[in-house]
Structure formats: C-alpha cells, structure tokens
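# Residue-level structure breakdown
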Amino acid sequence: MKPIGYWLNRTDQALTRSMDSLLAEHGLTRSAWQVLNVVREAQDALDGGPPTRDHDVLTVLAANADAATLTAAVEALLADGWATRPEPGRLALTDDGRARLAGAAERVHAFRGLATAGIPPEEYRTAVSVLERMTRNLESPPAT
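Residues numbered from 1 in each chain as written. Predicted model: local features only at pLDDT ≥ 70, side-chain atom pairs only at ≥ 80, totals over all residues. Heavy atoms only, no water.

Together, Ile4, Leu8, Val130, Leu131 and Met134 line one region of the surface with nonpolar side chains, adding up to about 340 Å² of accessible area. Sorting the residues of the nonpolar patch by element identifies helix 1 (4-23) and helix 6 (121-139) as the ones contributing at least two each. No other element matches the 3 residues that helix 6 contributes to the nonpolar patch. Its location among the elements puts Ile4 in helix 1. (Patch = residues over 30% accessible without salt bridge, like charges linked within 9 Å, V, L, I, M, F, W, Y side chains within 5 Å. Areas by Shrake-Rupley, 256 points an atom, 1.4 Å probe, with all protein chains shown as cover. Salt bridge = Lys/Arg side-chain N within 4 Å of Asp/Glu carboxyl O. Helix = DSSP H or I, 4+ residues; strand = E, 2+ residues; numbered from the N terminus.)

See below:
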C-alpha cells in the first residue's frame, strides 16, 4: 500500500488537471475558480458590503496555491471581465462574472459527483475528518 502522502499528491494533481480541463470552456482554471468563490462568498456574507481585499483572497487560498499562481488567476479574472477593482487592492464580481460563475458552478457540481462516485457520504466525511485531524496534528504538534 502506498503512503497517504502519495495519494494526497496524486489526488490533488488529478483534481487540478480535471478541473482545469472542465473549466477551460469557461476560460477558468481551478485556482481562478477558487478565487471567484472566495470573492462571491465574501460579497454574499457582507450583503453587498465592501469589496474583497486581495490580501484576504491570498490568505484564504494560501493552502491551495502559491501567491504567484493566485495573483495570476486574479489578473486573468480581471482581464476576462469576471471581476473588477472598485478600489485599489480590492476585488468584486461583475454582474456578468456572477452570471457566468453560476453556469460554471453547474459543471463543477457534476464534476464533484464524478469525483466521489462510489464513495458513500459517510466515507467521504470520514476521509475529510481524518485529513483534517492529520493536518491539525502536524500544524500544531503537542508541546514536549
């Protein structure tokens, strides 16, 4: 049996390749998709409040990609009209970006069904729970 690190890396690579391929028709990558969702969730939570700071996007997604990858995703989203800069260093979805995101979300929902085919919900929750505990163990090792 291969160790968990092997399967974590393979799974992440497979998710990225598959999502990049799936989202290409929308002009997105997995990283850009994640950026859009952080911006959307922040806007929805604040009920149209202040636009999301770039710093917040980079902080939330730090575990998903490096700053250069995320910054490139932000720039691509701005160039393609998904997002705008209502203030320097802040992001907001455009109306068109919000509508296009809803269309892409339908494809991602179907993708998630494919990725978890044959995995009962309780097994999925167990896998996520175990990975979360392993991460916490390694990020906050007990004092010796």
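For the structure on display, the rule yields 1 aromatic pair. For the ring pair Tyr6 and Trp7, a centre distance of 4.9 Å and an interplane angle of 85° mean the geometry is edge-to-face. Here the guanidinium or amino end of Lys2 rests over the ring plane of Tyr6, the centre of that ring lying 5.1 Å away. Sitting above the plane of the Trp82 ring, Arg100 keeps its charged end 4.0 Å from the centroid. (Phe/Tyr/Trp six-rings, centres within 6.5 Å; stacked < 30°, edge-to-face > 60°. Lys NZ or Arg CZ within 6 Å of the ring centre and 35° of its normal.)

With that settled, the discussion passes to helix 4 (residues 67-79). Helix length check: helix 4 (13 residues) gives 18 Å between terminal C-alpha atoms against 18 Å at 1.5 Å per residue, within 8%. Listed as buried for helix 4 are Leu70, Ala73, Val74 and Leu77. Looking straight down helix 4, one finds that the buried residues subtend no more than 100° of arc, so they occupy a single side. Across from the buried face of helix 4, at angles greater than 90 degrees, the exposed residues are Ala68 and Ala79. Against the buried residues of helix 4 lie helix 2 (30-45), helix 3 (54-60), strand 2 (83-84) and strand 3 (90-93). Sitting at the amino-terminal end of helix 4 is Asp66, which places a side-chain oxygen 3.2 Å from the backbone nitrogen of Ala68. Of the residues trailing helix 4, Gly81 is marked for its positive phi of about 80°. (Expected span 1.5 Å × (residues − 1). Buried < 20%, exposed > 50% of the residue type's maximum accessible area, 1.4 Å probe, protein only. Arc of directions from axis to C-beta. Contact = heavy atoms within 4.5 Å. Polar contact = N/O pair within 3.5 Å; in protein donor to acceptor, adjacent residues only side chain to side chain.)

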